[in-house]
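If you want the building blocks of each chain, they are given just below.
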Amino acid sequence: MTDQIGGCRIAIIGMGPRGLGAAEALAARLPEARVEIFDPVRPCGAGPNFSPMEAELCLLNLPIREVRIDDGPVGAFGDWLREADAERFPPRADLGRYFAARFEALQARLRPQLHAARVEAIEHRGDGWWLRADGEHGPFAEVLLTQGQPRSAPDPQLATWKDHAARHDLPLRPAYPGTALAEAAQDWAGKVVGVRGLGLSTLDVLRLLTLGQGGRFEGERYLRSGREPERIVPFSLDGHAPAPKPADAAIDEAFAPDKAETEAFLAGLEEATGMAAEAALKRVCATLEAPVARLAKAQRAQVRAWLEKEREAPGSQETRGAIEALQAQVAMARGAPPDVGYALGQLWRKWQDALRQGFNPSRMAPETAAALLKFDDGLKRFSYGPPLRSAEELLALIGAGVVDLRAVDDPDIRLVPEGWVLDGDAATLTAQAMVDAVLPSPALAPVTDPALAGLREAGWLHPLADGLGAATAADGLALMRDGRPAPGLAVLGRMAAGSVIAVDSIHDCFGAAADRWAEGVAARVLDAAPD
């Protein structure tokens, strides 16, 4: 039996945290499996987003106490890091080093074959799957796709900007890698720099353009070095920064749901997955009313009205200006009484595992999945918030005149030879350099990565719905348009958004999704082995 299992070849494409979690789950069930890993990025385990070489100024949006993934072969993250301060938000590079150490320990057990090459094509033949990556490899009985951010066509705005920047020799940079952005920013002293987006990535960008250029914070003040841009002009569709997480464990614990509230949420979610989109959202929102009213000390009618607006137009409840709203949220993060939005966001964050538990194994109408995904995405402005420290730094930069929010709320943008003219409600500003801090969509349709695009064109992958990732079964197997699973072809993570939810989290990489995939592989391999 062992020889038969060892003869079954399994390919894992992508060895960041998602691939690592899947490989660990597989090793726990089929330690003798013949696994081959395809990823040009080193070290294995970390992936580009958690590269150990990333700038130390790029912070994880979780304190060490909240990194609750399975301890693995090298122990828990905080113990491995030997960090006494569980409240610290560490650099993402620290987590990348931890993942790399986990991969080294896994490598000693599983002994996978490593290919430091990008997969350019995947083809199904009579004897299984064949991969082209610096030569042909195959046949494989199982292929797992774990790429989080594969090459994709830029959105129309960004595509136009790239042409404009190339034509006029203007700096247009992505937010990451942060090391490259900090180096490019050495030439931006005294300039006005635009930043597309005002989410978590933008807060990293601000640190790279200020602290990374020699500036420093003293208390609530920012002291210029003279090497940073004269002004940094972020903007987004809603013009608001994400709300910071609670300052410490004691404040955070006040937002914990009780057991009955969690059970009611799971029961409501189970019912919602069998409903049409609008009814599903209403059913989920009904489970939120009582706990949010308790946490915010609000009337249920007030919570209900907030949720109705959230379903119709996420964020439309916010009538305060960007600075006033951020100041209020900083106060709440420090322990001031929370409003409905802040309380709901923290509760939703604590229910992310429950959300995945109820959503991911379920099959529902694509429209229902899309609606629930949109609702979750909208609440990320609270549930995926940054460290309090980053929000405080943003306020200090605004106070110092380094960050200018006069064009923050969805400005009209004109392209001129000198750069980008941002026509805001309060000012017209011209940026001579631009940073794109908007995370690419997880949609399958615009993907240009040749391996994924080839599978899509051949019919092995198809989007669950417009704007979503691939349709998959509960164990990650790709579903073809007729509903049949593709034999041995699976997708985990962002590229399956819609079939799964809340995937932009390291906890999801090492959770039930990886276990379901590994269990499915083990069952198929054992079924195929002769008695």
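Rules and cut-offs
- Residues numbered from 1 in each chain as written.
- Predicted model: local features only at pLDDT ≥ 70, side-chain atom pairs only at ≥ 80, totals over all residues.
- Heavy atoms only, no water.
- Helix = DSSP H or I, 4+ residues; strand = E, 2+ residues; numbered from the N terminus.
- Rg over C-alpha atoms; globule rule 2.2 N^0.38 Å.
- Buried < 20%, exposed > 50% of the residue type's maximum accessible area, 1.4 Å probe, protein only.
- Contact = heavy atoms within 4.5 Å.
- Areas by Shrake-Rupley, 256 points an atom, 1.4 Å probe, with all protein chains shown as cover.
- Lys, Arg positive; Asp, Glu negative; His and termini not counted.
- Charge placed at Lys NZ, Arg CZ, Asp CG, Glu CD.
- Domains from an automatic or database assignment.
- Buried area = accessible area lost by both parts, 1.4 Å probe.
- Salt bridge = Lys/Arg side-chain N within 4 Å of Asp/Glu carboxyl O.
- Polar contact = N/O pair within 3.5 Å; in protein donor to acceptor, adjacent residues only side chain to side chain.
- Nonpolar A, V, L, I, M, F, W, Y, C, P; charged D, E, K, R; others polar.
- Core = buried A, V, L, I, M, F, W, Y, C linked by side-chain atoms within 4.5 Å.
- Axes fitted to C-alpha atoms, helices over the stretch in contact; angles between N-to-C directions.
- Left-handed = near helix turned anticlockwise from the far one by under 90°.
- Expected span 1.5 Å × (residues − 1).
- Arc of directions from axis to C-beta.

### Digging into the overall build of the protein
The number of helices and strands found in the protein is 19 helices and 18 strands. The C-alpha radius of gyration of the protein comes to 24 Å, within 12% of the 24 Å expected for a compact globule of 531 residues. Considered along the principal axes of its C-alpha atoms, the protein spans approximately 75 × 55 × 45 Å. In the protein, buried positions account for 55% of the 531 residues. Considering only intrachain contacts with a sequence separation of at least 6, the fraction spanning at least 24 residues in the protein is 74%. Looking at the protein as shown, the accessible area adds up to about 21800 Å², and 51% of this sits on carbon and sulfur atoms. Within the protein, the 74 negative side-chain charges are centred at a point lying 1 Å from the centre of the 57 positive side-chain charges.

### Quick look at the domain arrangement of the protein
If you check the domain split of the protein, you get domain 1 (1–152 + 441–528), domain 2 (156–241 + 388–436) and domain 3 (250–325 + 342–379). Counting from both sides, the interface comprises six residues of domain 2 and, opposite them, six residues of domain 3. Of the roughly 380 Å² buried at the junction of domain 2 and domain 3 (both faces included), carbon and sulfur atoms supply 78%. Linking domain 2 with domain 3 are zero salt bridges. For the pair domain 2 and domain 3, the interface holds one residue pair in polar contact (both at pLDDT 80 or more). Its residues placed into classes, the side of domain 2 that touches domain 3 shows four nonpolar, two polar and no charged.

### Here we look at the nonpolar core
Taken as a class, soluble globular proteins show a tendency for nonpolar side chains to be buried jointly. Trp 188, Phe 265 and Leu 288 are the most contacted members of the largest nonpolar core, which has 78 residues in total. The dominant element in this core, judged by the number of residues it contributes, is helix 10 (residues 277–296), at nine residues. Setting aside its immediate chain neighbours within four residues, Leu 288 contacts Phe 265, Val 303, Leu 307, Leu 344, Leu 347, Trp 348, Trp 351 and Phe 375. The next biggest cluster of nonpolar side chains, apart from the first, holds 42 residues, and it includes Tyr 98, Leu 492, Ile 506 and Cys 509.

### Focus: the packing of helix 11 (residues 300–312) against helix 15 (residues 366–383)
Remark: helix 11 packs on helix 15, axes separated minimally by 9 Å, with the N-to-C direction vectors making an angle of 115°. Considering the relative orientation of helix 11 and helix 15, their crossing is right-handed. Residue-level inspection shows Trp 306, Leu 307, Glu 310 and Arg 311 of helix 11 in contact with helix 15, the latter providing Phe 375, Gly 378, Leu 379, Arg 381 and Phe 382. Looking at the contact of helix 11 with helix 15, its residues break down into five nonpolar, one polar and three charged.

### Here we look at the pattern of salt bridges
A pair can form between side chains of opposite charge whenever their charged atoms are brought close. On inspection of all chains with the given rule, the structure shows 47 salt bridges. Arg 524 serves as the salt-bridge partner of Glu 142, at 2.8 Å between the closest nitrogen and oxygen. Of this pair, Glu 142 sits in strand 7 (residues 142–145) while Arg 524 sits in helix 19 (residues 512–528); the two residues are 382 residues apart in sequence, bridging distant segments of the chain. Residue classification places Glu 142 among the buried residues on the basis of a relative accessible area of 4%. A single salt-bridge network, built from bridges that share partners, covers Arg 65, Glu 66, Arg 68, Glu 87, Asp 252, Arg 349 and Lys 350.

### With respect to helix 5 (residues 156–168)
Helix length check: helix 5, at 13 residues, gives a terminal C-alpha distance of 19 Å against a target of 18 Å (1.5 Å per residue), a fit within 8%. Along helix 5, the positions that sit buried rather than exposed are Leu 158, Trp 161, His 164 and Ala 165. Across the axial projection of helix 5, the buried residues extend over an arc of 120°, all falling on one side. For helix 5, the exposed residues set more than 90 degrees away from the buried face come down to Pro 156, Ala 166 and Arg 167. If you follow the buried residues of helix 5, they end up packed against strand 8 (172–174), strand 9 (192–196), strand 12 (231–235), strand 13 (412–416), strand 14 (419–423) and strand 16 (433–436). Regarding helix 5, its N-cap is Asp 155, as a side-chain oxygen of that residue lies 3.1 Å from the backbone nitrogen of Gln 157 further along. Two residues or fewer after helix 5 comes Asp 169, characterised by a positive phi angle close to 55°.

### Details of the side chain of Arg 207
Counting through the fold element by element, Arg 207 comes out in helix 7 (residues 200–209). Residue class for Arg 207 comes out buried when judged on its relative accessible area of 3%. Only 2.9 Å separates the side chain of Arg 207 from the side chain of Glu 393, close enough to count as a polar contact. Excluding its chain neighbours within four sequence positions, the residues that come into contact with Arg 207 are Leu 57, Leu 59, Gly 212, Arg 389, Ser 390 and Glu 393.

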